[in-house]
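Residues per chain, in single letters:
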Amino acid sequence: MKTADTAHSEGPLAFAQAAELELRSVSKRYPGQREPAIKELSFTVPAGEVCVLVGPSGSGKTTAMRLINRMIPISGGDILLGGRSVLEREPRHLRREIGYVIQQIGLFPHQTISENIATVPRLLGWPKQRIAARVQELFELIGLDPEEMAGRYPAQLSGGQRQRVGVARALAADPPLMLMDEPFGAIDPINRARLQDEFLSLQEKVKKTIVFVTHDIDEAIKMGDRIAILREGGVLVQYDTPREILTHPADEFVAQFVGADRGLKRLALTTLAELTLIEPNRLGADLVADGSLQVGRQTTARDALSLMLTAGGRPLTVLDGDGHVAGLMTLGVIEKLLSDEAAEPHAGPR
Amino acid sequence: MTFALAAAGPVIPNYAAQSSSCEVHNRLFCAEWVRRNWAPVLWPALREHVVLAVVAVAIGFVISMALALAAHRYSWLERPTTLVTTILYTIPALALFELLAAPVGLNVYSAEIALVSYTLLILFRNILAGLRAVPADVLDAAEGAGMTRRQTLLRVELPLALPAIVAGLRIAIVTIIALATIVYVVYDRGLGVPIHTALGEGPFKTELIVAGGLAILLALVADGLLVLAQRLLTPWARVGES
């Protein structure tokens, strides 16, 4: 089955499809309400990037997302997917091209996991063989055992497994765009972190354009290539990379929203490999030799700072992949990183 | 069935010539009588009863499904439909047969119209409740996947409403099997005929017990078949509630 099938023979290219998304002065106005729910929203998500829509409740982030696949009709402006207006498309055809993941997941309880994953390919009328191969491929992608899971019903899965099946169902027809509304919102914190990591490594492979809605700024910083911060009334306040938003919040609202600990959050975006460490001999050999804490180069600056504070401010020995000393990490290095970033001119979205 | 009217003598004159001692002495249950009357009386009555009930529930189901789908789509239809079907349900059965007898006549149509009218409230409410109980997130996912309204109905809503629909059918079939025993008032078919005969026969109870027992048994069997059908059709409903 695996060898003969078309979907499988496409190999890794089966996941390569992604399209640019552009919102042009999009607005949404509900009849009988004076203020629009979404006001003149414009931003562009380059193909293959994750854009996180974040904001307090009432900021219209879910509404904005649902305008894209026309689950909610657009009142004004235009949305272009791969350069083509979504308004020209038959809504159901458009939706079959856009992966859709919601917080409650919404798996069909009366269908097996395989049938759930096959939903959109079946709507598109793919031949049976191709659907079977594609389902197999997606089981592997989300790390579930098809032998064990294919015939089960959603009620027999854990929350995390259901969430992954929801993602597989959304990816089934290889859509160029994925919409995800608080996909990890119903998962407990420990499993959420794991699913977030899994999802990021999945995104490394599938490279989809993704619009991701959350109210959690930490999740936004972790998941987003870019973050769009919305304010009540559907106004876009800032659209930037996580680093820019943390370093140069556009206004007081953004600064408050990202939190007083934004300096710490920023440190979490940098790994030691990106920093200029102190040459060991500049501090004297005794400091290296005395068995100070050793960390890898992939450690984030935030974790390194935490370790140094725990160790009473003493430097850390940073090791490279081969176990050689790459340099020393001191509080001074952190200080320099923060002052350098603050001094940078506002870069704007790259 | 006219022989029933002759039941005026000491015991059961019309059977006197061939009566067993059991019948003559009015024992509670005469197996001999059942054996002798199975083929000419009981078996045909049972078959007629099955047809009466199944036809009524089938027609009632089609009508109720149409009404429920309409009310599911246009929710303002629910209240008037519930009102009308409730009124039909509350009319005393004998009165309804009397009402139908004049315009429709003493025939199968009167019988079925009455029986069907008693299924509507049960089936309509259960089907509609089943359709409405489909979780909102499941419908959202179906719409987001690009299903049309029709595809959502056929592939998601109706399958998920199936347990509620079968629950309605079970109540309806049991109700109608019981109710069909008084159809003899307008149409002399079904298990109601031997029951009515027995009631006119004074102390002899075998016919009453057997015909009544068959009606009960039939209801239980029909209910059991529907339970079985539901288990086969909804394997997902029995898994991992934990």
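Residues numbered from 1 in each chain as written. Chains lettered and ligands numbered in written order. Predicted model: local features only at pLDDT ≥ 70, side-chain atom pairs only at ≥ 80, totals over all residues.

What to know about the overall build of chain A
Heads up, the rule is: The helix and strand labels rest on DSSP assignments: H or I over at least four residues marks a helix, E over at least two residues marks a strand, and numbering proceeds from the N terminus. Field definition: a residue is buried when 20 or more other C-beta atoms are found within 10 Å of its C-beta, exposed when 12 or fewer are, and partly exposed for counts in between, with C-beta atoms placed from the backbone. Once C-beta atoms are placed from the backbone, any two residues with those atoms within 7 Å are in contact.
The secondary structure content of chain A amounts to 16 helices and 13 strands. When the 350 residues of chain A are sorted by exposure, 39% land in the buried category. Looking at chain A alone, contacts between residues at least 24 apart form 69% of all its contacts between residues at least 6 apart.

Points about the overall build of chain B
Which entries qualify depends on this criterion: It is over C-alpha atoms that the radius of gyration is taken, and the globule rule equals 2.2 Å times the number of residues to the power 0.38.
When helices and strands are counted, chain B shows nine helices and zero strands. When the helices and strands of chain B are listed from N to C terminus, the series reads α-α-α-α-α-α-α-α-α. Computed over the C-alpha atoms, the radius of gyration of chain B is 23 Å, more than 25% above the 18 Å expected from 2.2 N^0.38 for a compact globule of 242 residues. Counting only C-alpha atoms, chain B reaches 80 × 45 × 25 Å along its principal axes. Relative to its full complement of 242 residues, chain B shows a buried share of 37%. Within chain B, residue pairs in contact and separated by at least 24 positions form 72% of the contacts whose partners lie at least 6 positions apart.

Here we look at the domain arrangement of chain A
Which entries qualify depends on this criterion: Here the limits of each domain have been adopted from an automatic or database domain assignment.
Its domain assignment divides chain A into domain 1 (6-261) and domain 2 (272-343). Here the C-alpha centre of domain 2 of chain A lies 38 Å away from the C-alpha centre of domain 1 of chain A.

What to know about the environment of A:Leu144
All names here are of chain A. Along the chain, the position of Leu144 falls in the loop between α6 (128-142) and α7 (146-149). Looking at Leu144, the number of C-beta atoms within 10 Å reads 20, which means it is buried. Separated by 58 residues in sequence, Leu144 and Val86 place their C-alpha atoms 34 Å apart. Among residues more than four places away in sequence, those in contact with Leu144 are Phe139, Met149, Gln161 and Arg164.

Observations concerning the interface of chain B and chain A
For the record, the criterion: Ten residues, namely Ala, Val, Leu, Ile, Met, Phe, Trp, Tyr, Cys and Pro, are considered nonpolar, four, namely Asp, Glu, Lys and Arg, are considered charged, and the remaining ones, Gly among them, are considered polar.
Taken together, the contact pairs 18 residues of chain B with 20 residues of chain A. Counting residues per element, the ones that place at least two in the side of chain B that touches chain A are α6 (136-144) and α7 (149-179) of chain B. Per-element tally for the side of chain B that touches chain A: the top contributor is α6(B), with six residues. Among the residues forming the side of chain B that touches chain A, the class breakdown is nine nonpolar, five polar and four charged.

Notes on the sheet that holds strand β5 (residues 84-85) of chain A
All names here are of chain A. Applied cut-off: Pairing between two strands requires that DSSP report at least two bridges joining them.
With antiparallel pairing, four strands are arranged side by side in an open sheet as β2-β1-β4-β5. On the outer flanks of this sheet lie β2 (38-45) and β5, each paired with one strand and no other. Bridge count between strand β1 (residues 21-28) and β2: five bridges; the pairing is antiparallel. Opposite Leu21, over in β2, you have Val45 as the bridge partner.

Here's the deal with unusual backbone geometry
Residues and elements named next belong to chain A. A positive phi angle, near 50°, is found at Asp174, a position not held by glycine. The topology assignment puts Asp174 in the loop between α8 (159-171) and β7 (177-181). For Asp174, a count of 20 C-beta atoms within 10 Å translates into the label buried. Positive phi values are uncommon outside glycine, yet Lys207 reaches one of about 45°. Position of Lys207 among the secondary structure elements: in the loop between α9 (189-206) and β8 (209-214). Residue class for Lys207 comes out partly exposed when judged on the 16 C-beta atoms lying within 10 Å of it.

Brief notes about the sheet that holds strand β11 (residues 294-296) of chain A
All names here are of chain A. Using the following cut-off: Axes, fitted as lines to C-alpha atoms, cover a helix only where it is in contact. Angles between the N-to-C directions of the axes lie from 0 to 180 degrees.
Spatial strand order, β11-β12-β13: three strands in an open sheet with mixed pairing. On the outer flanks of this sheet lie β11 and β13 (325-329), each paired with one strand and no other. The average angle at which neighbouring strand axes cross in this sheet is 35°, direction not considered. Of the pairings in the sheet, the one linking β11 to strand β12 (residues 316-319) comprises three bridges and is parallel in character. Directly across from Val295, in β12, lies its bridge partner Val318.

Thoughts on helix α8 (residues 192-199) of chain B
All names here are of chain B. Most of α8 sits inside the fold, with seven of its eight residues counted as buried. If you check which residues of α8 are buried, you get Gly192, Val193, Pro194, Ile195, His196, Thr197 and Ala198. Against α2 (31-73) and α9 (206-233) lie the buried residues of α8.

Things to note about the nonpolar core
Operational definition: Core membership is restricted to buried Ala, Val, Leu, Ile, Met, Phe, Trp, Tyr and Cys residues, and these are joined into a nonpolar core through C-beta atoms within 7 Å.
Judged by nonpolar contacts, the single largest core of 130 residues is most densely connected at A:Val52, A:Leu53, A:Val211 and B:Ile176. No other element matches the 13 residues that helix α5 (residues 108-132) of chain B contributes to this core. Residues within four places of B:Ile176 in sequence aside, it is in contact with B:Ala53, B:Ala56, B:Val57, B:Leu115, B:Tyr118 and B:Thr119.

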